[in-house]
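# Working through the structure, step by step
So the chains spell out like this:
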Amino acid sequence: MRETRLDPSEERIAVLPVSVTLSAAALITALAGLIPAGVALAVAGLVAAARAAGLLLRRGPDSSWNRPAGAGLAFCGVSTVAAGVALAVAPHAMFPDVPLPAELPLIGLFFVAGTFLAGLFHLAAQPATYLGRVRRLLDGVGIGVLLFFIAWLVVFQAAGLKGAGLTAVLVASVAVGAAVVGTMRAAPMRPGAVLRGVGVLVTIVAQTALILILDYHLSAAWLPLAGVPLVAGPLLAGRVLPPRGTAEAPGTASPDGSFARYPLLALPLAAAIVAAAYHLVVAGRFDALSAALAIVGVLILAVREALAVADVRQYARWLAEREARFRALVAGSADVTMMLDDTLVVRWQSPAAARRLGLADADVVGRPLLDRVHPDEAEAVGAALRGGDTLIEARLGDGFGVWRDTEWSVSDQRADPSVRAVVVHVRDISQRRQLEHALRQVARSDQLTGLANRAELRRLLAERTVPCVLVVLGLDGLSSVNQLRGHEVGDAVLVEAVRRLRAALSPGELAARLSGDQFAVLTAGGAVHAQMTASRLLTLLSDPYPVLGVASHLSASAGLAEHVAGEGPSDRALSRAELALQRARQLGPAQPPQWYDEATTAQLRRRLTIEQDLPGALARGELDLLFQPVVELPSGRVAGVEARPRWRRAGLGAVEDAEFLPVADQLGLHLELGAWLLAAAGRQLAVWGGAAPAGRPLWLAFTVSPAMLAHDGFVDLLAAAGFPPSLLVVQFTVPDPELPDLVDRLTAVRMLGARTALDGFGVQATSLSLLRRLPLDLVRVDRRTFAGADTAVVAAVVNLARQLGVDVAVDGVRDDDEQRTIAAAGCRLAQGPLFCAPSVPERVEAYLDTQRTTMH
């Protein structure tokens, strides 16, 4: 039963009418006699009964308390009414001229005693079983019979008590015994139970005294001696207070688990035996009433003991059921429960210890628990166990000699008399620790290669306290392997690359995978050692990868950066090494490892800016064209012009085509820029219509990137340019690797009517076989190819080209000596600063005017 309480104001309301009315009754008794007091007392009882009805009818969260409290208060109220009536009619019984039944006060005693005792037992905490309630009732009756037996032998037999007085004393004795039992049982449960019991006792004794006064026809002066207690008794008995605790368990008589309460009967029984012995010595025999009382007392005691035995057995069954449930819960629990004494010695452990940890009782019970704790943690665990309730994580040795990760929930219950131990619940969390470790491994490593991932590398860099060098490696061409041969082959290549990395690393060096084709190596050997390591790794990673029956060829690049603990963010070295790797990739394949420097950072930042701003350059009108004349030798007449785009951007300045055109290819802007170039150059050549000497139209040369040349719409772009194809010269460089259909694409350009020109001959890695294989009209040779060479060498190159039907144009001619050399060798076309540098249209137009004037 849940503990509930009346609000203090409600409690005062429940008791206040009785208290006020009884106080008034006491005053009236002193001043005007017993009749007004009895009437006032009866009115007070009615008020208390009405209040009890309110408690019984109320519904709410405290209804479990309202019912017993209301019933108890109702019985007390009815008793108060009966007491008041008895007190009111007492004076009439003193006068013979008032015809009142002589048994009326005795009836009042029966009623008052019964209702008061019923109220007392309702207000007290009741046993949970009917056997316990009957046993309690027999306790009270037994005590009452024994008390009357003692009083009869010692006092009343000699005084000749009989009639109504004898009956009243017998009833009062039983009622007093019951009130004592009820009070003793209620005292631990409810506050004020003793005062309430005293009130009941006072009321019963006063009512009995009133009957004796009337029965023996004593003087009316004796009535106030019974009337005043009869008024004060209900005042104490009517006190209503909520319970302290809960209902008793089955078979128990009080919270401390004492079932029989033998002292309640033992003391009166001992006194009865002493009184009987005294009476036997003095009188020599027992009368019939004494014998009957003795027999009744023995019978009551026997029945009471039989009920006590049954109650004990019921309580034992209840305890056995509780223990069985407890054992089932403990045995089926995943936790191991141990009970320790003050010295942390194990006094008991649950059966789960053998099942979960392989710990037999012989190995644990009677021994210190700390002997099973890992030595590194024993001291801390001991201090935590002595500190009270806590949660501990410790390694515990199991029965197989394995250290288990465990979690302990410690509850210090040494102050509990039913436990008196430190209770430890041990849970094996080894699997949870293994799962956490596996999750950490997953979070910190690459699933394909098993190397540390980027997050783990950053963590290690943050924890690094000594200088080191970070090498970032990139596999170039891996995406092509994935596209052409499938991701299965690509993954196999990665696994092989990681195997080579691990085999090449020295002890103490760490490898990590940063992304799909990037790896990192952390080394503490210094700059020279890092340079040598990076070079060795580049060689290993550039070797062919014969996996899954296919040989894949990749190239590798490397960037290096130093990491010094405490200098900036922990991932600064990683960012710098990646910037150096980007620089190495921009320089092309087969480059040595690149160290990070500020110039590298500036170049990469500039490239990032170009990538961000180039897409909107045409719409913003930031692109224009520069033109450079191409002259015929030895006459110097202008034969055509080469158009080069230029980009002017705030923050970048003038960006040459060699810098932004590769970015345009990556961003897919090459066709858009090509269309704009042909349109703008065509308009400009139309303006110069007759500017060329001899009235011949100027041809237009422009350079196309491999991406534009490989685009399916390139030939259509030339056809739709609105420019005569015969005046177009398409310049290109041979890409690496070479386009598989390069010959077909160049043939399509020539079939359109345009001419093709191989650019950069002699500077790039081109072979003479290209001149035989490719459909070419012109070869552009850089002046550096002929630097320091005599006329015979130049003539040999020019004659070879002419034999193949290809003209030769020399680019970058700077002075007259170079012009005379190439002219003497038979070279027909040239361009360079000697004639006119790449310039805006106005300056080129001025140059054309000068040439026309000279020719005339």
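Residues numbered from 1 in each chain as written. Predicted model: local features only at pLDDT ≥ 70, side-chain atom pairs only at ≥ 80, totals over all residues. Heavy atoms only, no water.

### Looking at the overall build of the protein
As a reminder of what qualifies: Put simply, DSSP H or I for four residues or longer makes a helix, DSSP E for two residues or longer makes a strand, and each gets a number counted from the N terminus. When accessible area is computed with a 1.4 Å probe and restricted to protein chains, residues below 20% of their type maximum are described as buried, those above 50% as exposed, and intermediate ones as partly exposed. We call two residues contacting when some pair of their heavy atoms lies within 4.5 Å.
The number of helices and strands found in the protein is 29 helices and 21 strands. With 856 residues in all, the protein has 45% of them scored as buried. By sequence separation, contacts in the protein at least 24 residues apart represent 68% of the contacts at least 6 residues apart.

### Digging into helix H19 (residues 572-587)
Condition: A helix is expected to span 1.5 Å for every residue after the first. When we speak of the arc, we mean the arc of directions from the helix axis to the C-beta atoms.
Here H19 is 16 residues long and its end C-alpha atoms lie 23 Å apart, about the 22 Å a rise of 1.5 Å per residue gives. Where H19 is concerned, the buried positions are Ala-573, Leu-574, Ala-577, Glu-578, Ala-580, Leu-581 and Ala-584. In an axial view of H19, the angular spread of the buried residues amounts to 160°, which keeps them on one side of the axis. On its buried face, H19 sits against helix H15 (454-463), strand S6 (468-476), strand S8 (518-523), strand S11 (555-563), strand S12 (594-595) and helix H20 (598-613). Looking one or two places after H19, you find Gly-588, whose phi comes out positive at around 105°.

### Observations regarding the pattern of salt bridges
Rules: Each reported salt bridge corresponds to a side-chain nitrogen of Lys or Arg within 4 Å of a carboxyl oxygen of Asp or Glu.
By the definition in use, this model includes 39 salt bridges. Across the salt bridge formed by Arg-513 and Asp-446, the nearest N and O atoms sit 3.1 Å from each other. Of this pair, Arg-513 sits in strand S7 (residues 510-513) while Asp-446 sits in the loop between helix H14 (430-444) and H15, placing them 67 residues apart in sequence. Across the pair, Asp-446 and Arg-513 agree in class, each one buried. Through salt bridges with shared partners, a single ionic network connects Glu-393, Glu-407, Arg-432, Arg-433 and Glu-436.

### Considerations on a nonpolar patch on the surface
What counts is decided by this rule: Put simply, a patch holds well-exposed residues, over 30% relative accessible area, that have no salt bridge, with like charges counted together within 9 Å and Val, Leu, Ile, Met, Phe, Trp or Tyr side chains within 5 Å. Shrake-Rupley sampling with a 1.4 Å probe provides the accessible areas, and residues are treated as covered by the protein chains on show and by no other component.
Together, Tyr-278, Val-281 and Val-282 make up a nonpolar patch on the protein surface, roughly 360 Å² of accessible area in all. A relative accessible area of 57% means that Val-282 is categorised as exposed.

### Some remarks on the pairing of S6
Just so we agree on the cut-off: At least two DSSP bridges between two strands are needed for those strands to be called paired.
Burial within S6 is extensive, with nine of its nine residues counted as buried. Where burial is concerned, the two faces of S6 agree: the one with Cys-468, Leu-470, Val-472, Gly-474 and Asp-476 and the one with Val-469, Val-471, Leu-473 and Leu-475 are both buried. Looking at chain direction, S6 and S11 are connected through nine bridges and run antiparallel. Bridging from a neighbouring strand, Val-472 pairs with Gly-559 of S11. As judged from the six bridges shared by S6 and S8, these two strands associate in the antiparallel manner. Residue Leu-470 lies in a different strand from S8, and its bridge partner there is Leu-522.

### Some remarks on the sheet that holds strand S3 (residues 390-397)
For clarity, the threshold we go by: Lines are fitted to the C-alpha atoms to define the axes, a helix being fitted only along its stretch in contact, and any angle between axes, read from their N-to-C directions, falls within 0 to 180 degrees.
The strand order S2-S1-S5-S4-S3 describes an open sheet built from five strands, whose pairing is antiparallel. The two strands at the open ends of the sheet, each matched to only one other strand, are strand S2 (346-349) and S3. Neighbour to neighbour, the strand axes of the sheet diverge by 30° on average, direction disregarded. In this structure, strand S1 (residues 336-340) lies alongside strand S5 (residues 421-428), joined through five bridges in antiparallel fashion. When the bridges of S5 are listed, Met-338 appears paired with Val-424.

### Re the sheet that holds S6
Taking strand neighbours across the sheet as the criterion, the five strands line up as S7-S8-S6-S11-S12 in an open arrangement whose pairing is mixed. The open sheet is flanked by S7 and S12, the only strands paired with a single partner. Running over the sheet, helix H17 (residues 487-504) touches S6, S7 and S8 and is turned about 10° from S8.

### Observations concerning the nonpolar core
How we decide: Residues grouped as a nonpolar core are buried Ala, Val, Leu, Ile, Met, Phe, Trp, Tyr and Cys residues, joined through side-chain atoms within 4.5 Å.
Formed by 81 residues in total, the largest nonpolar core has its most connected members in Trp-647, Phe-732 and Ile-822. In terms of residue count, helix H22 (residues 670-687) provides more of this core than any other element does, seven residues in total. If we ignore the near neighbours within four places in the chain, the residues touching Trp-647 are Ile-610, Asp-613, Leu-614, Ala-617, Arg-620, Glu-622, Leu-623, Leu-652, Gly-653, Ala-654, Val-655 and Phe-660. Core analysis: the next-biggest nonpolar cluster, separate from the first, contains 30 residues, Val-471, Ala-504, Ala-530 and Leu-537 among them.

### Some details on the packing of helix H16 (residues 478-485) against H17
For clarity, the cut-off: Residues are grouped as follows: nonpolar covers Ala, Val, Leu, Ile, Met, Phe, Trp, Tyr, Cys and Pro; charged covers Asp, Glu, Lys and Arg; every other residue, Gly included, is treated as polar.
Closest axis-to-axis distance for the H16/H17 pair is 7 Å, and the angle between their directions is 145°. Only His-487, Val-489, Gly-490, Val-493 and Leu-494 of H17 make contact with H16, whose side of the interface consists of Leu-478, Val-481, Asn-482 and Arg-485. Partitioned by chemical class, the residues of the contact of H16 with H17 number five nonpolar, three polar and one charged.

### Quick notes on the confidence of the model for the protein
Stated precisely, the cut-off is as follows: Each residue carries a pLDDT score, the predictor's own confidence in it, on a scale running from 0 to 100.
The pLDDT averaged across the protein works out to 78; a share of 75% of its residues lies at or above 70. Counted against residues more than four places away or in other chains, residues 59-66, with its pLDDT under 50, gives 19 contacts. The low-confidence segment residues 93-99, where pLDDT is below 50, has eight contacts with residues more than four positions distant or belonging to other chains.

### Brief notes about the environment of Ala-824
In this structure, Ala-824 sits in helix H28 (residues 816-824). Considering only alpha carbons, one finds Ala-824 and Pro-634, 190 residues apart in sequence, at a separation of 8.7 Å.

### Considerations on unusual backbone geometry
With the exception of glycine, the majority of residues adopt a negative phi angle, and the majority of peptide bonds are in the trans configuration. Along the chain, Leu-633 connects to Pro-634 via a cis peptide bond; the corresponding omega equals 5°. For Pro-634, the location among the structural elements is in the loop between strand S13 (623-632) and strand S14 (638-649). One non-glycine residue with positive phi stands out, namely Arg-420, at about 55°. Relative to the helices and strands, Arg-420 resides in the loop between strand S4 (403-413) and S5. Phi at Leu-548 takes a positive value of approximately 55°, unusual for a residue other than glycine. With respect to the helices and strands, the residue Leu-548 is situated in the loop between strand S9 (545-547) and strand S10 (550-552).

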